[in-house]
Amino acid sequence: MAFDTIIKGARVVTSAGVTSCDIGLCDGKIASLATELSEAKEIIDARGLIAMPGGIDSHVHISQPSGPGIEMADDFASATRSAVCGGNTTVLPFCLPDGDQSLREAVAAYHAKAEGNCHCDVSFHLIVKSTDPVTLGQDLPALIHAGHTSFKVFMTYEGLALSDRQILDVMAVAREQNAMVMVHAENEDAIEFLRDKAERDGNLSPVNHARTRPVPVEREATHRAISLAEIADVPLTIVHVSNGESLDEIRRGRQRGAKVFAETCPQYITLTADDLDRAGFEGAKYVCSPPPREADDWDDIWTGITGGDFDLFSSDHCPFRFNDAAGKDAAGARNNFRNIPNGIPGVETRLPILFSEGVMKGRISLEKFAAITATNHARLYGLTSKGAIMVGMDADITLWDPTITRPVRQSDLHHGADYTPWEGFDVTGWPVRTILRGKTVMRDGALSGDRPVGHHVARSTPDLL
Ligand code: URP
Ligand code: ZN
Ligand code: ZN
């Protein structure tokens, strides 16, 4: 059989383990895995490289409405360019209705923004911020049927936070439709209480963002979210878990029989609240929610990763420019941490940070890396043709060079932000080629091909692992 492409000589990370073999690609699919393949239009010499399932980042924010005068640093072109340069082949951004837009209108608007502009495949999670009868009774079920099989609810943020009753009503729809509920677990009332106190005391610098969102704020909400899911009898994913106490709530929930999945992110193994206390306004570069904790918390997160408590390692890419009044330097941000837009960029650095800190430092295996950066994302969010190097799957493959050691530099990255929180952070291992449905979309840090070939993927219901 003649293949379109053969990838020759890589160490290949499959669901069955790591093996040395050739990979034959045909019509955008993985057609063969065998010790010696020949005859193809294109042969990629991958000796010395590692072939991984293309990264799936199931937690990114792109072109998301962010309030008056504030604009995200990335549109679909720049975010997906950055994603493929960081070894990803699929990203799942959140679709947030703008103002009083309906969920259906919001999804249509996101499709219009993404269409023709994506360098990797995309699929949208929904954000449910309103629980009126049309949203819950019509829009949500219709959108789930159309392949948007997961949605996020917030327990924090003014205008987004839902009450416990509302969360239960949303969970009831998820149960009915077999969709996945994702929860941002932080207690809004507790944050508001602490913020008001910080303001009265004149504690207004960026680090007070972290001080007004301490661990109990997240731990309590994590416990409550799991309890609500038990009451509604639905599986749920707790996103961006930042610390061991919240993880303990997840472990306890699982011991009771709750079907809880957990996600963590690079910021919770590499950054601390002290980063928000950097001189001047620099701390604003690290403002995200939940905030980075203490170095001791990194150990708890690693224990969770190595012990199998975390199913997903995502970026929570939520980019704002630093030197920009439409970004971190928004009106009033220098005078009060409340006004600093929440979120940090990271879609391009997620995989290199985990590869370096996890695989190269001997904390996790290549198989574990593939599971928490691709395979589990595909299964939990219903991407049935993605996430594994297996015959019949989409030919979404990233080639890694484990010998490259380099510092992360903003000047080398491809996102729309003007900084990276990891400036100067040394990593070993870097993705050198990203292949999307059989086509090379990134080679040695540059985009390949003359136009974006990513498309939207409709998803099935979750496979609960
Ligand atoms: O700070 C963050 N994480 N911003 C993005 C929105 C969210 O909560 O995921
Ligand atoms: Zn969140
Ligand atoms: Zn997020």
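Residues numbered from 1 in each chain as written. Chains lettered and ligands numbered in written order. Predicted model: local features only at pLDDT ≥ 70, side-chain atom pairs only at ≥ 80, totals over all residues. Heavy atoms only, no water.

1. Focus: the sheet that holds strand β4 (residues 22–26)
Part 1: Judged by pairing direction, the sheet is mixed, and its four strands sit side by side in the order β5-β4-β1-β6 without closing on themselves. Because the sheet does not close on itself, it has two edges, and the strands there are β5 (29–34) and β6 (40–45). Each neighbouring strand pair of the sheet contributes to a mean axis angle of 20°, computed without reference to strand direction. (Pairing = 2+ DSSP bridges. Helix = DSSP H or I, 4+ residues; strand = E, 2+ residues; numbered from the N terminus. Axes fitted to C-alpha atoms, helices over the stretch in contact; angles between N-to-C directions.)

2. Observations concerning helix α8 (residues 244–256)
Every α-helical turn comprises 3.6 residues, leaving residues that sit three or four positions apart pointing alike.
Part 1: Spanning 13 residues, α8 covers 18 Å between terminal C-alpha atoms, matching the ideal 18 Å at 1.5 Å per step.
Part 2: Inspection of α8 places G244, S246, L247, E249, I250 and G253 among the buried residues, and these make up the whole buried set.
Part 3: Buried positions along α8 lie against α7 (215–232), β14 (236–238), β15 (260–264) and α10 (295–306).
Part 4: Backbone nitrogen of E245 and a side-chain oxygen of the N-cap are separated by 3.0 Å at the start of α8; the cap is N243.
Part 5: Looking at the residues trailing α8, positive phi occurs at G257, about 105°. (Expected span 1.5 Å × (residues − 1). Buried < 20%, exposed > 50% of the residue type's maximum accessible area, 1.4 Å probe, protein only. Contact = heavy atoms within 4.5 Å. Polar contact = N/O pair within 3.5 Å; in protein donor to acceptor, adjacent residues only side chain to side chain.)

3. Here's the deal with the domain arrangement of the protein
Part 1: On domain assignment, one finds that the protein holds domain 1 (3–52 + 386–447) and domain 2 (54–367).
Part 2: Relative to domain 2, the C-alpha centre of domain 1 lies at a distance of 27 Å.
Part 3: If you look at the interface, domain 1 gives 40 residues, while domain 2 gives 46 residues.
Part 4: Summed over the three residues of domain 1 that lose the most area to domain 2, namely H414, Y419 and W422, the buried surface amounts to 22% of that side.
Part 5: Between D121 and K386 there is a salt bridge, with its nearest N and O atoms 2.8 Å apart.
Part 6: For the pair domain 1 and domain 2, the number of links is 14 residue pairs in polar contact (both at pLDDT 80 or more).
Part 7: Elements that contribute at least two residues to the side of domain 1 that touches domain 2 include exactly β2 (11–14), β3 (17–20), β7 (50–53), β17 (397–407), β18 (426–436) and β19 (439–443).
Part 8: By residue number, the principal contributor to the side of domain 1 that touches domain 2 is β18, which donates nine residues. (Domains from an automatic or database assignment. Buried area = accessible area lost by both parts, 1.4 Å probe. Salt bridge = Lys/Arg side-chain N within 4 Å of Asp/Glu carboxyl O.)

4. Considering the coordination of the zinc ion (ligand 3)
By definition of the ideal shapes, four donors in a tetrahedron about a metal sit 109.5 degrees apart, and six donors in an octahedron sit 90 or 180 degrees apart.
Part 1: Coordination of the zinc ion (ligand 3) by the protein involves H59 (NE2), H61 (NE2) and D316 (OD), with metal-donor separations of 2.0 to 2.1 Å.
Part 2: Metal-centred angles of 89 to 126° between the four donor atoms at the zinc ion (ligand 3) mark the site as tetrahedral.
Part 3: Read in sequence order, the donor residues coordinating the zinc ion (ligand 3) give the pattern H-x1-H-x254-D. (Donors = N, O, S within 2.8 Å, 3.2 Å for Na, K, Ca; no water. Tetrahedral: all angles 85-135°; square planar, octahedral: opposite > 155°, others 65-115°.)

5. Here we look at the packing of helix α4 (residues 164–177) against α7
Part 1: At a minimum axis distance of 9 Å, the contact between α4 and α7 shows a crossing angle of 50°. What the angle tells us is that α4 and α7 run oblique. Taken as a pair, α4 and α7 cross one another with a handedness that is right-handed. Contacts between α4 and α7 involve D164, I167, L168, M171 and R175 from the first element and R224, A225, L228, A229, I231 and A232 from the second.
Part 2: Class assignment for the residues of the contact of α4 with α7 results in eight nonpolar, no polar and three charged. (Parallel < 35°, antiparallel > 145°, perpendicular 65-115°, else oblique. Left-handed = near helix turned anticlockwise from the far one by under 90°. Nonpolar A, V, L, I, M, F, W, Y, C, P; charged D, E, K, R; others polar.)

6. A closer look at the pairing of β5
Part 1: Judged from the five bridges that link them, β4 and β5 form a sheet pairing that is antiparallel. Residue pairing across strands places D22 opposite A34, the latter belonging to β5.

7. Some words on the coordination of the zinc ion (ligand 2)
Part 1: K152 (NZ), H184 (ND1) and H240 (NE2) make up the full set of protein donors to the zinc ion (ligand 2), lying at 2.1 to 2.2 Å.
Part 2: We note that the donor set of the zinc ion (ligand 2) lies within a single chain, spaced as K-x31-H-x55-H.
Part 3: Here the zinc ion (ligand 3) and the zinc ion (ligand 2) are spaced 3.8 Å from one another. With K152 in strand β12 (residues 150–154) and H184 in strand β13 (residues 180–184), this pair connects stretches of sequence that are 32 residues apart. Residue K152 shares its accessibility class with H184, and that shared class is buried.

8. Details of the packing of aromatic side chains
Part 1: This model, assessed by the stated rule, comprises nine aromatic pairs.
Part 2: Three or more aromatic residues joined by ring pairs make a cluster, and in this case those are F76, Y110 and F124.
Part 3: Residue placement shows K113 over the ring face of Y110; its charged tip is 4.7 Å from the ring centre.
Part 4: We note K152 situated over the ring of F94; from NZ or CZ to the ring centre the distance is 5.0 Å. (Phe/Tyr/Trp six-rings, centres within 6.5 Å; stacked < 30°, edge-to-face > 60°. Lys NZ or Arg CZ within 6 Å of the ring centre and 35° of its normal.)

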